[in-house]
Amino acid sequence: MKDLTVKQLAAISGVTVRTLHHYDEIGLLRPASVGANGYRYYGRAELLRLQRILFHRELGVPLQEIAALLELEGADQVRILQQHRAKLQAERERYRVLIETIDRTIHDLKGEATMANEDLYKGFSAEKQSGYEAWLIEKYGPQVHSGIERAKQMWMNRSSADQKKHLEASMKELKDLEQALADALRNHVDVGSDAVGLLIDRHRAWVASMWGTTCSAQSYCGLADLYLAHPDFMARYESIEKGFAQYLSAAMKRRAARWNEPLDGAAP
């Protein structure tokens, strides 16, 4: 293959000439050679390196971290690409769900079918989830962060079919728990009762499985605070049953006080 000039590479890659010059200046992407006329020339190896740079950049990796990733070879390089693939698969699934949500909304607006309340917000979870994670990490520190990252890694290591199966099972478990707790609220069962406590124990185990780490009493109480502080959670729980957000939060804190763990301190 004939080497490409910087303008030719810019044309086929969509990266501006100025950006390619910058990548050269910072050592991220050097040309294969520089002609006597001062032109930069890029060969196959440089094209492949640029592709890897764009993969990393597309997924939000900072330039200073990309340089280190580019030095990986063999199995390590394949592993990083597999992680990128898993992230893109997850994003593809999110967009598929968003398209379905749009289609259902169109049918609802046209009067062809009534859209279920629980279907209104499907596919919108990615940015909000990041916000929830940031809140927990800021409040409870690196242990929660490492747990969340571990859970994400476990998720990415699953096949697409396994991800779907696991998510469906997890969401069914959560829905069953929330409905049982909402029934307790309707029946005026005290939040400190053993019946509610056993449901909260299951809820704590569910949270721990989603976080990929132990859910301490401290972090669980923080989650209870988040349920009351964040309007998304308030709206969701109030749609299940009026007063449910306060009931669930109170039940979580009441049960946490019985776990013989300190409820004060900096981190879970």
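In this text the structure is predicted, and so the values were computed from the model without any measurement.

1. Examining the overall build of the protein
Within the protein, the regular secondary structure consists of 12 helices and three strands. Here the protein, with 268 residues, has 34% of them falling under the buried criterion.

2. Some remarks on helix α2 (residues 17-25)
Here α2 has its buried residues at Leu20, Tyr23 and Asp24. All buried residues of α2 project into a common sector of 100° when viewed along the axis, lining one side. Turned more than 90 degrees away from the buried face of α2, the exposed residues are Arg18 and Glu25. Considering only its buried residues, α2 is in contact with α1 (6-13), β3 (40-42), α3 (44-58) and α4 (63-70).

3. Here's the deal with the sheet that holds strand β1 (residues 4-5)
The strand order β1-β3-β2 describes an open sheet built from three strands, whose pairing is antiparallel. The open sheet terminates on both sides in strands that have one partner only, identified here as β1 and β2 (33-34). Judged from the two bridges that link them, β2 and β3 form a sheet pairing that is antiparallel. The partner of Ser33 across the bridge, within β3, is Tyr41.

4. Concerning empty space enclosed by the protein
A full pass over the atoms with the stated rule returns one cavity of 30 Å³ or more. Forming the walls of the largest cavity are Arg52, His56, Leu69, Leu72, Gln77, Ile80 and Leu81. Elements represented by at least two residues in the lining of the largest cavity include exactly α3 and α5 (74-109).

5. Notes on the nonpolar core
In this structure, Ile200, Tyr220, Tyr237, Phe244, Leu248 and Met252 are the most contacted members of the largest nonpolar core, which totals 33 residues. Elements that contribute at least two residues to this core include exactly α8 (160-186), α9 (194-211), α10 (217-229), α11 (231-240) and α12 (244-256). Counting residues in each nonpolar core, the second largest holds 16 residues, with Leu9, Ala10, Val15 and Leu20 among its members.

6. Focus on the environment of Leu63
Topologically, Leu63 is positioned in helix α4. When the C-alpha positions of Leu63 and Leu28 are compared, they lie 8.4 Å apart, and in sequence the two are 35 residues distant. In this view, Leu63 contacts His22, Tyr23, Ile26 and Leu28; residues no more than four positions away in its chain are not counted.

7. A closer look at the side chain of Asp24
Along the chain, the position of Asp24 falls in helix α2. Only 2.7 Å separates the side chain of Asp24 from the side chain of Arg40, close enough to count as a polar contact. Excluding residues that lie within four positions of it along the chain, Asp24 makes contacts with Leu29, Arg30, Pro31 and Arg40.

8. Quick look at the packing of α10 against α12
Two elements in contact, α10 and α12, have axes whose closest approach is 9 Å; the angle formed by their N-to-C orientations is 165°. By the angle between their axes, α10 is roughly antiparallel relative to α12. Considering how the two elements wind past one another, α10 and α12 form a crossing that is left-handed. For the pair α10 and α12, contact is made by Ala217, Tyr220, Cys221, Leu223, Ala224, Asp225, Tyr227 and Leu228 and by Ala245, Gln246, Leu248, Ser249, Met252, Lys253 and Ala256, respectively. Its residues assigned to classes, the contact of α10 with α12 comprises 11 nonpolar, two polar and two charged.

9. What about the packing of aromatic side chains?
By the definition in use, this model includes three aromatic pairs. Centre to centre, the rings of Tyr220 and Trp259 are 5.3 Å apart; their planes meet at 50°, and the pair counts as tilted. Of this pair, Tyr220 sits in helix α10 while Trp259 sits in the segment after α12, and the two are 39 residues apart along the sequence. Over the face of the ring belonging to Trp259 we find Arg204, whose NZ or CZ atom lies 3.7 Å from the ring centre.

10. Things to note about unusual backbone geometry
The phi torsion at His188 lies on the positive side, around 60°, for a residue other than glycine. Given the relative accessible area of 71%, His188 is considered exposed.

11. What about the pattern of salt bridges?
In the structure shown here, the tally under the stated rule is 11 salt bridges. Asp190 is the salt-bridge partner of Arg254, the closest N and O atoms lying 3.7 Å from each other. Of the two residues, Arg254 sits in helix α12 while Asp190 sits in the loop between α8 and α9, which places them 64 residues apart along the sequence. Overall, the relative accessible area of 43% leaves Arg254 in the partly exposed class. Taken together, the shared-partner salt bridges in this structure form one network comprising Asp24, Arg30 and Arg40.

The rules behind these values
Residues numbered from 1 in each chain as written. Predicted model: local features only at pLDDT ≥ 70, side-chain atom pairs only at ≥ 80, totals over all residues. Heavy atoms only, no water. Helix = DSSP H or I, 4+ residues; strand = E, 2+ residues; numbered from the N terminus. Buried < 20%, exposed > 50% of the residue type's maximum accessible area, 1.4 Å probe, protein only. Arc of directions from axis to C-beta. Contact = heavy atoms within 4.5 Å. Pairing = 2+ DSSP bridges. 1 Å grid on protein atoms, 1.4 Å probe; cavity = no way out; pocket = protein on both sides within 12 Å on 5 of 7 lines; lining within 4 Å. Points joined across faces, edges and corners; volume = space filled by probe spheres on them. Core = buried A, V, L, I, M, F, W, Y, C linked by side-chain atoms within 4.5 Å. Polar contact = N/O pair within 3.5 Å; in protein donor to acceptor, adjacent residues only side chain to side chain. Axes fitted to C-alpha atoms, helices over the stretch in contact; angles between N-to-C directions. Parallel < 35°, antiparallel > 145°, perpendicular 65-115°, else oblique. Left-handed = near helix turned anticlockwise from the far one by under 90°. Nonpolar A, V, L, I, M, F, W, Y, C, P; charged D, E, K, R; others polar. Phe/Tyr/Trp six-rings, centres within 6.5 Å; stacked < 30°, edge-to-face > 60°. Lys NZ or Arg CZ within 6 Å of the ring centre and 35° of its normal. Salt bridge = Lys/Arg side-chain N within 4 Å of Asp/Glu carboxyl O.

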